[in-house]
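Structural overview for review
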Amino acid sequence: MKLKKQIFFVLPYIDYSIGFFDNLFSQSVQTKPTRQSSFEAFSQGNYEKAYTQFRELLITYSKDPLYKYYSGVCLIKLNRDPGEATTLLSEAIQAVDL
């Protein structure tokens, strides 16, 4: 009988601690954008997300003309920073002409 009382006394604390640790492991993990996710965002018309992802990809692949091109097109679609869009598109064309 004494053992049952001890189990019922400890059981809520075990349940609480499991719930606490479960929350720690279920936090969302930020993933790096991929070529595919960037193109998907672009094809769905989500130019803000696509631009953000293409720009992050350009940090790693700074000479990739495709990422420059799509970053420039995103800026045009967003009606933002035409100078930067022109620069990106010009660099993309120059890289292809080489």
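Provided above is the structure to which this section pertains.
This report concerns the structure included in the present document. (Residues numbered from 1 in each chain as written. Predicted model: local features only at pLDDT ≥ 70, side-chain atom pairs only at ≥ 80, totals over all residues. Heavy atoms only, no water.)

1. Brief notes about helix α3 (residues 47-60)
Rules: The secondary structure listing takes helices from DSSP runs of H or I that are at least 4 residues long and strands from runs of E that are at least 2 residues long, numbered from the N terminus. Multiplying 1.5 Å by the helix residue count minus one yields the expected span of that helix. Relative accessibility under 20% of the residue-type maximum defines a buried residue, over 50% an exposed one, and the middle range a partly exposed one, all with a 1.4 Å probe and only protein chains included. Contacts were defined at the residue level, with two residues in contact if any of their heavy atoms lie within 4.5 Å.
The terminal C-alpha atoms of α3, which comprises 14 residues, lie 20 Å apart, in line with the 20 Å expected from a rise of 1.5 Å per residue. Within α3, the full set of buried residues consists of Ala 50, Tyr 51, Gln 53, Phe 54, Leu 57 and Leu 58. Tucked inside the fold, the buried residues of α3 contact α2 (35-43), α4 (65-77) and α5 (82-97).

2. Some points on the pattern of salt bridges
Note the following rule: We count a salt bridge whenever a side-chain nitrogen from Lys or Arg sits within 4 Å of a carboxyl oxygen from Asp or Glu.
This structure, assessed with the given rule, holds three salt bridges. The partner of Arg 80 in a salt bridge is Glu 48, and the shortest N-O contact between them spans 3.3 Å. Linking Arg 80 in the loop between α4 and α5 with Glu 48 in helix α3, this pair joins segments that are 32 residues apart in sequence. Judged by its relative accessible area of 37%, Glu 48 falls in the partly exposed class.

3. Describing the nonpolar core
As a reminder, the rule being used: As used here, the term nonpolar core means buried Ala, Val, Leu, Ile, Met, Phe, Trp, Tyr and Cys residues forming a set that is joined through side-chain atoms within 4.5 Å.
The biggest cluster of nonpolar side chains holds 15 residues, and the ones touching the most others in it are Phe 42, Ala 50, Phe 54, Tyr 67, Cys 74 and Leu 75. For this core, the elements supplying multiple residues, two or more each, are α2, α3, α4 and α5. Discounting residues that sit within four places of it in the chain, Tyr 67 has contacts with Arg 35, Phe 54, Leu 57, Leu 58 and Tyr 61.

4. A short note on the packing of aromatic side chains
Threshold: Classification of ring pairs rests on two measures: the distance between centres of Phe, Tyr or Trp rings, Trp counted by its six-membered ring, which must be within 6.5 Å, and the angle between planes, read as stacked under 30 degrees, edge-to-face over 60 and tilted in between.
A full pass over the atoms with the stated rule returns eight aromatic pairs. Between Phe 42 and Tyr 70, the ring centres sit 4.8 Å apart and the planes meet at 85°, which makes this aromatic pair edge-to-face. One end of the pair, Phe 42, is in helix α2; the other, Tyr 70, is in helix α4, and 28 residues separate them in sequence. Ring centres of Phe 54 and Tyr 67 lie 6.0 Å apart, and the angle between their planes is 40°; this geometry places the pair in the tilted category. One end of the pair, Phe 54, is in helix α3; the other, Tyr 67, is in helix α4, and 13 residues separate them in sequence. The pair Phe 54 / Tyr 67 is uniform in exposure class, with both members buried. The structure contains a cluster of three or more aromatic residues connected by ring pairs, namely Phe 39, Phe 42, Tyr 47, Phe 54, Tyr 61, Tyr 67, Tyr 69 and Tyr 70.

5. Observations concerning α2
Put simply, the rule is: Along the arc lie the directions from the helix axis toward the C-beta atoms.
Among all positions of α2, only Ser 38, Ala 41 and Phe 42 are buried. An end-on view of α2 places all buried positions within 100° of arc, on one side of the element. In α2, the exposed positions angled more than 90 degrees off the buried face are occupied by Gln 36 and Ser 43. Turning to α2, the residues buried within the fold contact α3 and α4. Trailing α2 by a residue or two, Gly 45 shows a phi angle of about 80°, which is positive.

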